[in-house]
Each structure stands twice: as structure tokens, then as C-alpha cells.
Amino acid sequence: MSDTGLSRFLGGSPAQVLLRLVFLSFVVGIILSALNLDPLDLITMSFDFVERLWNMGFNALGRLGKYLVIGAMVVVPIWLVTRLLAMGRNR
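Naming follows an unreviewed UniProt entry, where the chain appears as DUF6460 domain-containing protein of Roseibium aggregatum.

### Re the environment of Trp54
Mapping Trp54 onto the fold places it in helix H3 (residues 39–56). In the structure, Trp54 is positioned 47 residues away from Ser7 in sequence and 42 Å away in space, judged by C-alpha atoms.

### Here's the deal with unusual backbone geometry
Among all residues save glycine, negative phi is the norm, and among peptide bonds the norm is trans. Despite not being glycine, Asn36 shows a phi value in the positive range, around 60°. Following the sequence through the fold, Asn36 ends up in the loop between helix H2 (14–34) and H3. Judged by its relative accessible area of 67%, Asn36 falls in the exposed class.

### A short note on the domain arrangement of the chain
What the domain assignment reports for the chain is domain 1 (1–37) and domain 2 (38–90). Computed from C-alpha atoms alone, the centre-to-centre distance between domain 1 and domain 2 is 20 Å.

Reading the values: the criteria
Per chain, residue numbering runs from 1 following the sequence as it is written. pLDDT decides what is reported in this predicted model: residues at 70 or higher carry local features, side-chain atom pairs at 80 or more are listed and counted, and totals for whole chains, interfaces and linings draw on all residues regardless. The basis for every side-chain value is the complete set of heavy atoms in the structure, and neither hydrogens nor water enter the calculation. Numbering goes from the N terminus for both helices and strands, where a helix is a DSSP run of H or I of at least four residues and a strand is a run of E of at least two. Burial classification: accessible surface area is computed with a 1.4 Å probe over protein chains only, and a residue below 20% of its type maximum counts as buried, one above 50% as exposed, and the rest as partly exposed. In this document the domain limits rely on a domain assignment from an automatic tool or a database.

Pasting the structure below:
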């Protein structure tokens, strides 16, 4: 298979990327449903957070740091695993 610009941009063939995104969307949908969240709730919570940040001023920076650390506890290991798996595929 030739390495086209589209395949490089997507990180694989379009069909594989689409299948991967459908699967991940399904899994994330199950998790969000189990947590009783929907996308509109997430958007509302984001706007509420920005409003609270504005209203509380700089005292909210500590909460922002807490959110950053909590998010990093999820994102960084996932990123590390995906990089390790990608490195294993390149061999």
C-alpha cells in the first residue's frame, strides 16, 4: 500500500481509522452513559466552570491545577500506551 498524504495524516487507511473511531466512540458512549453524562451536560459544565473561574478570580487557579492533574492522570498514561504500541508496530 502506498503511503499517501491522507493515510499519513489520518494515521492509517481511512477505513481503519473510521473503524477505530467508531469503536472508541461506542466505548466512550457506554462510559459516559454509565456516568449519566451526555455531551450537552459536558458543554454546560465547561461553561459553568469558566463562569465560576471568572467569578472566583485567582482563587480558582488552584482548582484549575487540580483539574489539570486529574486530567493528566488519565491522558498521559493513555498517550504513553499509544506511543509504546505505535513504537512496537514500527519494528
